[in-house]
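The residues making up each chain are set out below.
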Amino acid sequence: MSRTIEAQRVVNPAMAEVTEFLGLTGLRWSELRALRVEDVAQIPMPALHVWRAQSDGYAEKTLKSNSGEVRSRTIPLRPRALEIVAPRVEGVPPGAHLFRSKTGKQLRGNLFRRQVQWNATTCRGLTIHALRHFAISYWLLRGVDVKTAAEWSGHKNPTVLLSTYAHVLGIDANRAALALLDTPAVPALSWGTVPESSKGLD
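Below you will find a few notes about this structure. On a predicted model such as this, the values are computed, not experimentally measured, just so you know.

Describing the side chain of Gln54
Note that Gln54 resides in the loop between strand E3 (52–53) and strand E4 (61–62). On the basis of relative accessible area, Gln54 is assigned to the buried category, the value being 14%. A distance of 2.9 Å separates the side chain of Gln54 from the side chain of Gln106, its partner in a polar contact. Filtering out sequence-adjacent residues up to four positions away, Gln54 remains in contact with Ser30, Arg33, Ala34, Ala59, Glu60 and Gln106.

Observations concerning the layout of surface pockets
Reported here for the largest pocket is a volume of approximately 170 Å³. Lining the largest pocket are Asn12, Ala14, Met15, Val18, Arg88, Leu98, Phe99, Arg100, Ser101, Lys102 and Gln115. Here the lining of the largest pocket is built from residues that sort into five nonpolar, three polar and three charged.

Section: the sheet that holds strand E2 (residues 47–50)
With antiparallel pairing, the three strands of this open sheet are ordered in space as E1-E2-E5. Bordering the open sheet on either side are strand E1 (40–41) and strand E5 (73–76), each of which pairs with just one other strand.

Digging into unusual backbone geometry
In this structure, the amide linkage connecting Ile43 to the following residue, Pro44, adopts the cis form with an omega of 0°. One can find Pro44 in the loop between E1 and E2. Positioned with a positive phi, Gln117 is a non-glycine residue whose angle comes to about 55°. Along the polypeptide, Gln117 turns up in the loop between helix H5 (109–115) and helix H6 (118–122).

Parameters at a glance
- Residues numbered from 1 in each chain as written.
- Predicted model: local features only at pLDDT ≥ 70, side-chain atom pairs only at ≥ 80, totals over all residues.
- Heavy atoms only, no water.
- Helix = DSSP H or I, 4+ residues; strand = E, 2+ residues; numbered from the N terminus.
- Buried < 20%, exposed > 50% of the residue type's maximum accessible area, 1.4 Å probe, protein only.
- Polar contact = N/O pair within 3.5 Å; in protein donor to acceptor, adjacent residues only side chain to side chain.
- Contact = heavy atoms within 4.5 Å.
- 1 Å grid on protein atoms, 1.4 Å probe; cavity = no way out; pocket = protein on both sides within 12 Å on 5 of 7 lines; lining within 4 Å.
- Points joined across faces, edges and corners; volume = space filled by probe spheres on them.
- Nonpolar A, V, L, I, M, F, W, Y, C, P; charged D, E, K, R; others polar.
- Pairing = 2+ DSSP bridges.

Structure, rendered in structure tokens:
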């Protein structure tokens, strides 16, 4: 993702931060569009409150569970994400959209893609939604537990997230397993330590 962001910074630094923010927070595009200044919290820690979404060309909606209850979630903001947010909230009315165009209007997908040359030179065949997958994969690889990653990303069922990102967890598990195998303290094996019944088996 870093090469994509660097390429976009050359084209449009402000809009490149939108790409970076999506990759840090795991937000869906519709959720980012619907964010308001008032959705940024500082206490008890810097975080986003996500409870609305608005896809391009559609009306804003409240995120709800299957039972009809408002389904909100909180995403802690890492220092870099907070750096991106800070100038966008300073002196801005609480009800204003957090990410806006130069004219102060709600950000639109086609405008964003055009301003960072997403489809032309900087995206390398990726979709905007791929940034969400990047964020979740990064969390898991850094050791965030599946339940917490599911809460941050808005997955209703941690089991679904586990199934979707099992390959990511497998990478970490393979590295840990290889580290164990390469530990010098492990005694050397000889044929005498291998059960006769297992010899010759695939």
